[in-house]
Amino acid sequence: MRLAFLTHWTNRFRSELAVIGGLSLASSAATLALPWLLAKLAASIVGDASVDPEQTLALLALALVGLTATTVLVTILSGQASGKILANLRRETHQRLLAMSMTFHDRSRSGDLLSLMSHEVENLSTFLTATLAQVPSMIVTALGALIILFWIDPVLTFTIPILIPPFFIAMKWLGRRLRVLGRQVRRAEVDIVWMAESDIEMLPAIKAFAVEDEQRTRYDAAIEKARLLKLRQVRITAFIGPLVALIAAIAAIAILVIGSGEVQEGARSPSELFAFLLYAALLTRPVGSLADTYGSFQIAKGTLARLEAVFAMKPEPGYALTRRLGRAEGAIALEGVSFAYPGRPAVLTDASLAIAAGDTIALTGDNGIGKSTLVNLILGFYQPGAGRITLDGADIASLNVQDLRRQFGYVPQRPLLVYGTIAQNIAFGLPDPDPAAIEQAARLAQAWEFIERLPRGLATEIGDGGVRLSGGQRQRLALARALYRDPPIYIFDEATSMFDLDGETAFIESCARLLSDRTVIIITHRPASLALADRIIRLTPGGLTERGTSGDAGKA
């Protein structure tokens, strides 16, 4: 765990953490005063005339009030700081994950990322505020108790360090076990998140194939595995407190055996022995807390290592580029582009294509040949292994990637909708949605007819991923979203595959004028959509081949 990375998350909250640390030190001072005052009070009770009981009681009450007040304030401020750090952790982690490339997300399991952004960062923020911030207080209390013990009886104090080596050997062994178990527990919990997410996403298939019982058994097994691992973690953690208590008991017995002899010989007063015992008992509290902190550190270490690994990776190329782009004219060119997914054969090899601004091309080819990959390259989701792609003559690798993508209205094969209303999905991500423009986009996408029939119209909730709509309705909303943005370039990847012939024809007719001055790339095999194209380009293993114009659609 690198200190610099840890400081990155805590530095902006250093004032809050400093206040927590200061109050914790004040709490330590009050804690250190209590055994001494209690010993004095005990001495006055047994008849020590040198002790003023009223003054001792007043000081004892003051120490107790101070300890209570500082403990309450530390708890409240730790909760506030934890909330701020958690919000910051989640915000920056979410931002970083959104900025990562599609290649990164292709390699990652969504369950891992969801787990990292949710309970793992929450545990880390709690560790930083409720645990790590109070380490100075624990150390001060432990050192203070040792100094007072040494002042009372230096010889007797040396009986305590004898027990420290076995204590730390035990802590080291337990810590190693906790670190391994922490990783196993995290993986098991990630599996649970991933399975739950997968089952919800695959629910229609699960029901269609009647495999509910099998999926339930699989999920139950994952839960049981996580439960047993967590139980092992709890059992090991449970050893820490009793181990500290055992060491404290052994120390107390040793102190009583040695100290009682000194009292009998007159070398030590009973009140001094009582004070020594109280401080020895007090010493176990910060040492025990430090032991717990060590266990928590082993768990938090794994989360911080994963965060560090994510933040060490470079975001998607193009986010930091300052070359801005206004509204594009829409001329696109591929110049000798080659591309292969990691560990797989090349999808594109030395592909070249020129699309003039305002042209409509249809891209055809066998399934899996690389049509969607070509589109993903144009959108900058992936970078070519060789060659370059230009927009209006500028290499897209030199453009700010968000500016680049704002030039496109993209409709993927699978409509991507969010939980919310129809209006929110059409105006997805854009501030100040225009109801009139939303309605116009819905009409052009042939979605208005079914929207009008809904009880709440554009305010209708469509469910997670649009589950309350049919496939054709979801596709119409995805089209409406692209049209609402009114970009200079449209990419339709099988965008009308769920339309019936009449609906597809109506869409083409309604959009003909709108699309006439835009650059349009259509991936389709449907004759009605091919009729929009000025040129038909076929993608084959040998490259890109022009097959003619829309008049030759039936031959494509």
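Our subject is the structure listed above.
Residues numbered from 1 in each chain as written. Predicted model: local features only at pLDDT ≥ 70, side-chain atom pairs only at ≥ 80, totals over all residues. Heavy atoms only, no water.

Undergrad: How should the overall build of the chain be read in this particular structure?
TA: Each helix and strand in the chain was counted, giving 19 helices and ten strands. Per-residue burial over the chain gives 45% buried out of 556 residues. Across the chain, the fraction of contacts at a sequence separation of at least 24, relative to all contacts at a separation of at least 6, is 77%. On the chain, roughly 28000 Å² of surface is accessible, and the fraction owed to carbon and sulfur atoms is 61%. (Helix = DSSP H or I, 4+ residues; strand = E, 2+ residues; numbered from the N terminus. Buried < 20%, exposed > 50% of the residue type's maximum accessible area, 1.4 Å probe, protein only. Contact = heavy atoms within 4.5 Å. Areas by Shrake-Rupley, 256 points an atom, 1.4 Å probe, with all protein chains shown as cover.)

Undergrad: Explain the sheet that holds strand E1 (residues 332-340) here, please?
TA: In a beta sheet, neighbouring strands are held together by backbone hydrogen bonds and run either parallel or antiparallel to one another. Spatially, the four strands line up as an open sheet ordered E2-E1-E4-E5, and their pairing is antiparallel. Across the chains shown, the open sheet's two edge strands, defined by having one partner strand only, are strand E2 (346-355) and strand E5 (394-395). When E1 meets strand E4 (residues 386-391), the two strands line up antiparallel, connected through five bridges. The residue of E4 that forms the bridge with Ala 333 is Thr 390. (Pairing = 2+ DSSP bridges.)

Undergrad: Explanation requested: the packing of aromatic side chains in the structure shown.
TA: On inspection of all chains with the given rule, the structure shows six aromatic pairs. Ring plane angle 50° and centroid distance 5.4 Å describe the contact between Trp 36 and Trp 151, whose orientation is recorded as tilted. Taken together, the residues span a long stretch of sequence, with Trp 36 in helix H2 (residues 14-45) and Trp 151 in helix H6 (residues 135-152) at a distance of 115 residues. Trp 36 sits in the partly exposed class, given a relative accessible area of 30%. Judged by its relative accessible area of 61%, Trp 151 falls in the exposed class. Between Phe 339 and Tyr 341, the aromatic rings sit 4.9 Å apart at their centres with planes inclined by 85°, giving edge-to-face as the arrangement. This pair shows no difference in class: Phe 339 is buried, exactly as Tyr 341 is. Ring-pair connections join several aromatic residues into one group, and the members of that group are Phe 339, Tyr 341 and Tyr 382. (Phe/Tyr/Trp six-rings, centres within 6.5 Å; stacked < 30°, edge-to-face > 60°.)

Undergrad: What should I look at first to understand the pairing of E1 in this one?
TA: When a strand is regular, its side chains alternate between the sheet's two faces. Across the nine residues of E1, seven count as buried, placing the element largely inside the fold. Pairing of E1 with E2 involves six bridges; the strand directions are antiparallel. Considered in E2, the bridge of Phe 339 is made with Leu 348. Linking two consecutive strands that pair antiparallel, namely E1 and E2, is a turn of five residues; a positive phi of about 75° is found at Gly 343 within it.

Undergrad: Help me understand the nonpolar core, please; the structure alone is not making it clear to me.
TA: Generally speaking, soluble globular proteins have nonpolar side chains that are buried together. Residues Ile 426, Ile 451, Leu 477 and Phe 492 are the most contacted members of the largest nonpolar core, which totals 37 residues. If near-sequence neighbours (up to four positions away) are discounted, Leu 477 is found in contact with Leu 417, Ile 422, Ile 426, Ala 447, Phe 450, Ile 451, Ile 462 and Leu 469. With 34 residues, the next largest nonpolar core counts Leu 348, Ile 369, Phe 381 and Leu 404 among its residues. (Core = buried A, V, L, I, M, F, W, Y, C linked by side-chain atoms within 4.5 Å.)

Undergrad: What is the right way to read the packing of helix H17 (residues 471-485) against helix H18 (residues 501-515) from this model?
TA: Between two packed helices, both the angle of their axes relative to each other and the distance between the axes serve to describe the pair. Relative to each other, H17 and H18 sit at 0°, their axes nearing to 13 Å. Judged by the angle between their axes, H17 and H18 are roughly parallel. Judged by residue contacts, Arg 476, Leu 479 and Leu 483 of H17 engage Gly 503, Phe 507, Cys 511 and Leu 514 from H18. (Axes fitted to C-alpha atoms, helices over the stretch in contact; angles between N-to-C directions. Parallel < 35°, antiparallel > 145°, perpendicular 65-115°, else oblique.)

Undergrad: Which parts of the structure should I look at to understand a nonpolar patch on the surface?
TA: The grouping of Ile 139, Leu 143, Leu 146 and Ile 147 at the surface amounts to a nonpolar patch, some 350 Å² of accessible area in total. Here Ile 147 is to be found in helix H6. (Patch = residues over 30% accessible without salt bridge, like charges linked within 9 Å, V, L, I, M, F, W, Y side chains within 5 Å. Salt bridge = Lys/Arg side-chain N within 4 Å of Asp/Glu carboxyl O.)

Undergrad: What is the right way to read the environment of Ser 78 from this model?
TA: With respect to the helices and strands, the residue Ser 78 is situated in helix H3 (residues 53-99). Put simply, Ser 78 and Ile 20 are 58 residues apart on the chain and 6.8 Å apart in space, counted from C-alpha to C-alpha. When residues no more than four places from it in sequence are discounted, the contact partners of Ser 78 are Ile 20, Thr 129 and Gln 134.

Undergrad: Sorry, what's going on with H6 here?
TA: For the α-helix, the turn length of 3.6 residues means that residues three or four positions removed from each other point alike. When the terminal C-alpha atoms of H6 are compared, their 26 Å separation across 18 residues agrees well with the 26 Å that a helix rising 1.5 Å per residue should span. All buried positions along H6 are accounted for by Val 135, Ser 137, Met 138, Thr 141, Ala 142, Gly 144, Ala 145, Ile 148, Leu 149 and Ile 152. (Expected span 1.5 Å × (residues − 1).)

Undergrad: Any chance you could explain unusual backbone geometry here in plain terms?
TA: The phi torsion of most residues other than glycine is negative, and most of the peptide bonds are trans. Positive phi, close to 50°, is recorded for Asp 432, a residue that is not glycine. Along the chain, the position of Asp 432 falls in the loop between helix H14 (422-426) and helix H15 (435-444).

Undergrad: Just to check I follow, could you spell out the pattern of salt bridges for this structure?
TA: Once their charged atoms are close, side chains differing in charge can pair, the charge on each being opposite to the other. Counted by the stated rule, this structure contains eleven salt bridges. When the shortest N-O distance is used, the salt bridge between Asp 366 and Arg 538 registers 3.2 Å. Residue Asp 366 is found in the loop between strand E3 (360-364) and helix H12 (371-378), and its partner Arg 538 is found in strand E9 (residues 535-540); the two are separated by 172 residues along the sequence. Residues participating in the shared-partner salt-bridge network are Asp 486, Asp 517 and Arg 518.

Undergrad: Whenever I open this one, H18 confuses me. Can you help?
TA: Over its 15 residues, H18 extends 20 Å from the first C-alpha to the last, a length consistent with the 21 Å expected when each residue adds 1.5 Å. Along H18, the sharpest change in direction is near 30° and occurs at Glu 509. Restricting attention to buried positions, one finds in H18 the residues Gly 503, Glu 504, Phe 507, Ile 508, Cys 511 and Leu 515. Here the buried face of H18 lies against E3, H15, H17, strand E7 (489-493), strand E8 (519-523) and helix H19 (527-530). (Bend = angle between axes of the 7 residues up to and from the residue.)

Undergrad: Sorry, what's going on with the packing of H2 against H6 here?
TA: Viewed as axis vectors pointing N to C, H2 and H6 meet at an angle of 25°, and their least axial separation amounts to 9 Å. Compared by their axis directions, H2 and H6 come out roughly parallel. In this structure, H2 meets H6 at a crossing whose hand is right-handed. Only Pro 136, Ser 137, Val 140, Thr 141, Gly 144, Ala 145, Ile 148, Trp 151 and Ile 152 of H6 make contact with H2, whose side of the interface consists of Ser 24, Leu 25, Ser 28, Leu 32 and Trp 36. (Left-handed = near helix turned anticlockwise from the far one by under 90°.)

Purely spatial values, then, with no claim about function.
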